[in-house]
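These are the residues of each chain, in order.
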Amino acid sequence: MTWQGKRDVRVENVPDPRIEEPTDAVIRITSTGLCGSDLHLYEVLTPFMTPGDILGHEPMGIVEEVGAAVPDLQAGDRVVVPFQIACGNCWMCLTGLPTQCETTQVTAEGMGAALFGYTRLYGAVPGAQAEYLRVPQAQYGPIKVPEGPSDDRFVYLSDVLPTAWQAVAYAGVPQGGSVAVLGLGPIGDMACRVAQAKGAGRVFGVDLVPERLNRARERGVETFDLRSFDDEKELLTAVRDQTDGRGPDAVIDAVGTEAHGSAAARMVQNASALLPRKLSGPMAERFSVDRLAALHTAIEMVRRGGTISIVGVYGGMADPMPMLTLFDKQIQMRMGQANVRRWSDEIIPYLTDDDPLGVDDFATHRMPLAEAPQAYEMFQKKRDGAVKVLMQP
């Protein structure tokens, strides 16, 4: 699956990946996900893309070949591959921050660990919406999983599960406390489930897509349909009415820069994407702005002294922030890419036949990789009830 331009992605034949370093592995992909953050590449982050980039970062499959410095994998192993590439041995990895791996940091761009299929800012590493994938740092990254259950049981260990898990952990929801999740796409939906499993007393979900609201409601989430409110003030009042007038203990922003609202920011994003690549990249790096509607809602919604956990992807470098409100309300904020291997061992005990997180039927659509362009369009336009798409090469 290759990126060719704004809203232009194509399935093409490319050379097969091969072992290039002793710490590499090559896997044959059996399932690969379409992530909400892929949509940022589809439209918003185009200045950082190069035609021909291979997309995708949510794979699992079968090991085909391993390098000489990969002692714990062998051909035939079934593995899930985290979206970030990390060594497991540097100071950052050893302190539970593989997203900041000092071995794979993209220092030329001033960024953290390299990611599969995610712009030159993160190393321009060929991605996982493909038949085969070269996996650098395979001595640490791949997670071995057992034979038997379908791919659906484990594939979300690549991104969705650890991202939602970290979002809830960073939110610091007290036992029996309340949390509001803004955006009920794959990450927001799973964050609601994790919060429930981890002991939150009340979980509120906010969205405007009927299918997403219904999915969350069926699992006991108290939902708020944005279409039912005339403005943000009405939404905030409705949530506060459910929390003794204070607001929830924590708010998780699972929307990011794809938020509705801020026509001016959208205009800047679109204008930047249309500039020649030599100009659009530097402009985006210095002056890009996000649509901050969801984050501003989170700041207003959370109770005083509460916590905001940002898991939706933002890419702006010149975003205005309401510092007076943040300071006055004494709000704590945590954010960042999920540290997959930091959380994976905690998550795996939940991936049982009892399926407490509902992973076995989490996908709404399963499509062949050959239909990936249609999958992107469907997901971006939120058609046909698309919440989570898995593709099989």
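This text goes with the structure placed above it.
Definitions and limits used
- Residues numbered from 1 in each chain as written.
- Predicted model: local features only at pLDDT ≥ 70, side-chain atom pairs only at ≥ 80, totals over all residues.
- Heavy atoms only, no water.
- Salt bridge = Lys/Arg side-chain N within 4 Å of Asp/Glu carboxyl O.
- Helix = DSSP H or I, 4+ residues; strand = E, 2+ residues; numbered from the N terminus.
- Buried < 20%, exposed > 50% of the residue type's maximum accessible area, 1.4 Å probe, protein only.
- Phe/Tyr/Trp six-rings, centres within 6.5 Å; stacked < 30°, edge-to-face > 60°.
- Lys NZ or Arg CZ within 6 Å of the ring centre and 35° of its normal.

1. A short note on the pattern of salt bridges
- Under the criterion given, the structure shown has 21 salt bridges.
- For Arg202, the salt bridge goes to Glu222, with nearest N and O atoms at 2.6 Å. Pair noted here: Arg202 is in strand β9 (residues 202–207) and Glu222 is in strand β10 (residues 222–225), with a separation of 20 residues, a long-range link.
- Its relative accessible area of 30% is what places Arg202 among the partly exposed residues.
- On the accessibility criterion, Glu222 (28% relative accessible area) is partly exposed.

2. Brief notes about the packing of aromatic side chains
- Considering all chains together, one arrives at five aromatic pairs under this definition.
- Taking the centre distance of 5.2 Å and the plane angle of 70 degrees together, the rings of Trp165 and Tyr350 count as edge-to-face. Taken as a pair, Trp165 in helix α3 (residues 160–171) and Tyr350 in the loop between α11 (340–347) and β14 (365–368) lie far apart in primary sequence, 185 residues in all.
- Residue Trp165 is classed as buried on the basis of its relative accessible area, which comes to 2%.
- Assessed through its relative accessible area of 23%, Tyr350 is described here as partly exposed.
- Here the guanidinium or amino end of Arg215 rests over the ring plane of Phe362, the centre of that ring lying 4.9 Å away.

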